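# Understanding the architecture of this molecule
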Amino acid sequence: MDALMNFGLGMFGGVWPAVWTLVKIVLIVAPLMLGVAYLTWAERKVIGYMQVRIGPNRVGPWGLIQPIADGLKLLMKEIIVPSGSNKAIFIIAPMLAIAPALAAWAVVPFTDSLVLANIDASLLYIMAITSMGVYGIILSGWASNSKYAFLGAMRSAAQMVSYEISMGFSLICVLMVSNSLNLVDIVYAQDHGRFAEWGVGFLSWNWLPLLPMFLVYLISGVAETNRAPFDVAEGESEIVAGFHVEYSGMAFAVFFLAEYANMILVAALTSIMFLGGWLSPVGFLPDGALWLFAKMAFVLLLFLWFRATFPRYRYDQLMRLGWKVFVPVCLVWLFVVGAWMMSPLNIWK
Amino acid sequence: MDFQTLVFFFLSAILVFASLRVITARNPVHAALYLILAFFSCGGVWALLQAEFLAIAIILVYVGAVMVLFLFVVMMLDINIDRIRQGFWHYLPLGALLGVLMVVEMGLVLGSKYFQVPASEAMLPANISNTKGLGALMFSDYVYPFELASIILLVGMIAAIVLTYRGPKKSKYTNPAKQVFVKAKDRIRVLQMPVEKD
Amino acid sequence: MFDNFVVPDLLPAAPELFLAAMAAVILLADVFIKDSRRTVVFALTQLTLLGCLVIQFVTMTGEVTFTFSNMFVDDLMADLLKAVLYMTVFVVLFYSRGYVLDREPMAKGEFYVLTLFATLGMMVMISANHFLTIYLGLELLSLSLYAMVAMNRDSVASTEAAMKYFVLGALASGLLLYGMSMIYGATGTLEITGIGQLLMTGQANKTVLVFGLVFLVAGLAFKLGVVPFHMWIPDVYHGAPTAVTLFIGSAPKLAAFAVTMRLLVTGLITLSQDWQVMLIILSVLSMAIGNLAAIAQTNIKRMLAYSAISHMGFMLLGVTTGVVGGDARMALNAYSSAMFYVVSYVLMTAGSFGMILLLSRAGFEADNLDDFKGLNKRSPWFAGMMMIMMFSMAGIPFFIGFFAKFAVLQAVVAAGYMWLAIAAVIFSLIGAFYYLRVVKLMYFDQPADETPLVAPLDMRVLLSANGLAVAVLGMFPDILMIGCVLAIRHSVIA
């Protein structure tokens, strides 16, 4: 690494840090996009098997080239801008949807050293950035000048603002027990404890002592990404496709990318916050980024599994769950964790 | 000019431009969007000052929640810009006067020697983040106003619910007690109209 | 740096903490209580107020105690004003109970919760020793009051009154904040005792201070409701549901008085030459406009609103005469007379609005002067009570209102403002006209409806007690006066 730095400094001089950062960004975003592509493939395969079908199987072996073909097809298609729409915002909206999904990766640590920006308040940064994802949706809904799109946008705005609250509360519990807002420190805080000493570290991770918060975060994560069973913003049977009904071609593809990139992000955050990040579950295996990817894959599998299993929530049920179930549960658990930490039984010293 | 100054001017330029557009944009949704941009660049300026908590809080609270709801409302309203602008020239002299006064006052405040309150010298040690420092102050020296502010927010919530919540309406029914008091003139209005010819 | 965390001394603020906790408990309990058993909420609220009173007396030390990093001050003045405050709110809630139950949108537990939070705001204001806490207490009070005014939400008048109150209240808060920021700019501190000490050294720039002072006084005048910042008072008193008018018209005056004392006397006594002149102008204008405009009213709530303006003007006279030519020997007399005035005004105003509530019933607001016609034929006892209130407000001897006016006038004369005393007496005489008109309506006119009064026993008892208190304290004003003198001596005048 140092050799590379010196080489770069020699080659580019003063601008090297900027170039190096750009290289790192590309190194994160390119695999991410590939991951998104193959997540769509995995989704179709997994749901296919769950419904006793085969899923995509024509393009390439096991249908592996299918996402590339889909992407190419969308690239070729025309972007239709509806008459009466607000053109500038119509075009900007998909970008606003995907930008936060990518920007949040800046602080996600793959291992303790493999992170683009290791800042103090990275947890706050993540919360701030992800809270902006909603703009892409409501602006697309408004700019389309279409009733269905507008309805979808309104639903989504209310939904995301509601679930952000419970999401924030569950993260407050995490930061209380890890005594830090830094994601690297949060992972390290899960590394010690009685179980970690016994060599079964996965029982020391936050998911067990904070089990209610883990569930709240996971479910709110599904709601935040507008995934089934909380996909009322799209609701194809009620409001055809919700906020992106007027979009076609690459503009539509960008929304698609944003949704899956958000899923991967939520999976990564869940893994870091509750499942020990890059830590190895058992003492005799080494830690490493591979563990993080495995955990993300598991969480993503849960997302797909939910979609294959649950029928869509009705809108009022969705709001009731967010406000009348999750928020009180979070408030109570916040108290419990606080009391637990002040008691002699505190396990997070 | 070092890099930080450059970033500062860049962000400030966006901030000023966006703020101007907030008040000049014809479309209220555009105005709200410019306001969001203004908040965002403001967060950037604060981040430059190493006030990371404030920077992120303004984005999290204002951009992420308040403005979403604001847009939500603005989008649903049918705002007639022309009617709002009707009194523009009428009020311009007074508004301009107030604006000039405010600029003068700000100039006096910022420029005069009486207001040169020395910048806080209590810099935090390097190993304590801005967020942690704020948190510690809020729960020690400023715990009383902090809790009071939270009670004010609670009252705001209660007030909003009291004034708008009308309870679930499961069925339609008539209230016999009110029916008894109905008089003919509540239900029927007899109008005198001139006979229309042809 | 974070290891030396010290829990602040909570004992001086025990009543505040108790009230805040109980308000939260009542808010939660209210959700689970059926509408038919709403009395439980009422009882809990009243018990809370009684509990506060007990705690206040148990924790009273008689010394000036600071806590919460000097943002909170507990002294004898705070103890006394808060005790009066609890009793006022207690009585107000008893008066309001029937009225509130008859009006559907208000018959909710939130009415009591908001009342408690408003009370908390007033307590914070009374005990504030920091610009920040003054402002927060004020906002807590105002926000609760805006909601309470608008609570009868199907009434257009109430909604309009709430809107006006909100807009003007926000403006007043802005003025107050602007003044505070100016003074902060000049002194570099927000702590009121700190400002007082700093100004003694004479380091701060006078121009900036006076500039800030103007805004501060304007903001205070808004909250006290004195001319020329009185526009909201008649509309809000008139438009608000009578139960809320009763609340707005009584208890907040205590808090506004306390804040005036803290800001102007504790903090800015060195500028007394400047603010005394401003207050004299405000008070003369208030007495003139308040008393003259009240004559023209046909609505008794509006009439009492203008009367409130004139009374607050009279009260300010006491505040203006503390320092004469740099000599603060008269301060004790002057400030304690103002305190006596405000306490006695609260007592009288609670009784007067209580009478309006007594005459009101479901679907009928007894808020016109004509509704008092022939009250003597319907209920001689309560007509007598109303007569006591009116006589006392007019300043007719041997009721408490007379001694309040007398004490203030004494202070004014002692300070050498003879012309001011004469003006005050003349305006009071003009004011006596409209108070006596109410008495005339009650005793010499024929009633419009002959139905006898129906009111719950508790209200009858309390209202009678209120009237008798006005009369008895008028005969023995020393009891209250000694308390006021002690309070001022041990807290404001250091």
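Residues numbered from 1 in each chain as written. Chains lettered and ligands numbered in written order. Predicted model: local features only at pLDDT ≥ 70, side-chain atom pairs only at ≥ 80, totals over all residues.

### Digging into the overall build of chain C
Each helix and strand counted, chain C has 20 helices and two strands in total. Taking 2.2 N^0.38 as the reference for a compact globule, 494 residues should give roughly 23 Å; the C-alpha atoms of chain C span a radius of gyration of 22 Å, in line with that estimate. Considered along the principal axes of its C-alpha atoms, chain C spans approximately 70 × 60 × 40 Å. Looking at chain C as a whole, 58% of its 494 residues qualify as buried. (Helix = DSSP H or I, 4+ residues; strand = E, 2+ residues; numbered from the N terminus. Rg over C-alpha atoms; globule rule 2.2 N^0.38 Å. Buried ≥ 20, exposed ≤ 12 C-beta atoms within 10 Å, placed from the backbone.)

### Considering the overall build of chain B
Secondary structure summary: chain B contains nine helices and zero strands in total. When the helices and strands of chain B are listed from N to C terminus, the series reads α-α-α-α-α-α-α-α-α. Taking all 198 residues of chain B together, the buried fraction comes to 17%. For chain B, contacts bridging at least 24 residues in sequence account for 53% of all contacts bridging at least 6. (Contact = placed C-beta atoms within 7 Å.)

### A look at the packing of helix 7 (residues 192-201) of chain C against helix 11 (residues 251-267) of chain C
When two helices pack together, their arrangement is captured by the angle between the axes and the distance separating the axes. All names here are of chain C. Two elements in contact, helix 7 and helix 11, have axes separated by 8 Å at closest approach and are oriented at 25 degrees. Accordingly, the angle class assigned to the pair helix 7 and helix 11 is roughly parallel. Here helix 7 contributes I192, T193, I195 and G196 to the contact with helix 11, which in turn contributes R262, L263, T266 and G267. Tallied by class, the residues present in the contact of helix 7 with helix 11 amount to three nonpolar, four polar and one charged. (Axes fitted to C-alpha atoms, helices over the stretch in contact; angles between N-to-C directions. Parallel < 35°, antiparallel > 145°, perpendicular 65-115°, else oblique. Nonpolar A, V, L, I, M, F, W, Y, C, P; charged D, E, K, R; others polar.)

### Considerations on the interface of chain A and chain B
Each partner contributes residues to the interface: chain A has 16 residues there, and chain B has 16 residues. Contributing elements (two or more residues each) for the side of chain A that touches chain B: helix 5 (122-130), helix 6 (134-143) and helix 7 (147-178) of chain A.

### So, the nonpolar core
By size, the foremost hydrophobic cluster in this structure holds 197 residues, and its most contacted members are M125, V149 and L254 of chain C. Looking at this core, the element that brings in the most residues is helix 14 (residues 331-359) of chain C, giving 20 residues. If sequence neighbours within four positions are ignored, M125 of chain C has contacts with I134, G137, L138, L141, A255, A258 and V259 of chain C. Grouped together as the second largest cluster of nonpolar side chains are 124 residues, V134, W142, A149 and V254 of chain A included. (Core = buried A, V, L, I, M, F, W, Y, C linked by C-beta atoms within 7 Å.)

### Re the interface of chain C and chain B
Across the contact, 32 residues belong to chain C and 21 residues belong to chain B. Mapped onto the side of chain C that touches chain B, the elements with two or more residues apiece are helix 4 (109-126), helix 5 (131-149) and helix 6 (156-187) of chain C. It is helix 5 of chain C that provides the largest number of residues to the side of chain C that touches chain B, a total of eight residues. Across the side of chain C that touches chain B, the residue classes break down as 22 nonpolar, six polar and four charged.

### Quick word on the arrangement of the chains
By contact count, the dominant pairing among the two pairs of chains in contact is that of chains B and C. In this view chain A stays clear of chain C, with the nearest C-alpha atoms of the two still 13 Å from each other.

### A closer look at helix 7 (residues 143-164) of chain B
All names here are of chain B. For helix 7, spanning 22 residues, the distance from its first C-alpha to its last is 32 Å, which sits close to the expected 32 Å at 1.5 Å a residue. Along helix 7, the residues classified as buried are Y144, P145, L148, I152, V155, A159 and V162. Considered in projection along helix 7, the buried side chains sweep an arc of 95 degrees and stay on one side of the axis. Facing away from the buried surface of helix 7 by more than 90 degrees, the exposed residues are S150, L153, M157, A160, I161 and T164. (Expected span 1.5 Å × (residues − 1). Arc of directions from axis to C-beta.)

### Focus: the environment of V439 of chain C
Residues and elements named next belong to chain C. Within the fold, V439 resides in helix 18 (residues 418-444). Residue class for V439 comes out buried when judged on the 20 C-beta atoms lying within 10 Å of it. Put simply, V439 and E365 are 74 residues apart on the chain and 19 Å apart in space, counted from C-alpha to C-alpha. When sequence neighbours within four positions are dropped, the list of residues in contact with V439 reads M387 and M390.

### As for the confidence of the model for chain B
Residues of chain B with pLDDT of at least 70 account for 85%, and the chain-wide mean is 81. Within chain B, helix 4 (residues 81-85) of chain B has the poorest average pLDDT of any element, 67, and helix 7 of chain B the best, 92. (pLDDT = per-residue confidence, 0-100.)

### Points about the domain arrangement of chain B
In terms of domains, chain B is made up of domain 1 (1-77) and domain 2 (130-164). For domain 1 of chain B and domain 2 of chain B, the distance between their C-alpha centroids amounts to 24 Å. (Domains from an automatic or database assignment.)

### Notes on the environment of A253 of chain A
Residues and elements named next belong to chain A. By secondary structure assignment, the location of A253 is in helix 12 (residues 249-274). Note: C-alpha distance between A253 and P94 (159 residues apart in sequence) is 8.8 Å. In this view, A253 contacts G71 and L74; residues no more than four positions away in its chain are not counted.

### Remarks on unusual backbone geometry
Put simply, V227 of chain C and P228 of chain C share a cis peptide bond, and its omega is 5 degrees. Position of P228 of chain C among the secondary structure elements: in the loop between helix 8 (206-224) and helix 9 (232-239). In this structure, V52 of chain A takes a positive phi of about 55 degrees despite not being glycine. Along the chain, the position of V52 of chain A falls in the loop between helix 2 (16-50) and helix 3 (66-76). A positive phi angle, near 65 degrees, is found at N70 of chain C, a position not held by glycine.

### Here we look at the confidence of the model for chain C
Taken as a whole, chain C shows an average pLDDT of 88; of its residues, 99% reach a score of 70 or greater. Across the interface, the model reports ipTM at 0.91; the global pTM reads 0.87.

### So, the packing of helix 3 of chain A against helix 12 of chain A
Residue and element names in this part refer to chain A. Interaxial distance between helix 3 and helix 12 falls to 6 Å at its minimum, and their mutual angle equals 135 degrees. In terms of orientation, helix 3 lies oblique with respect to helix 12. Here G71, L74 and L75 of helix 3 lie close against helix 12, whose contacting residues are G249, M250, F252 and A253. Partitioning the contact of helix 3 with helix 12 into residue classes produces five nonpolar, two polar and no charged.

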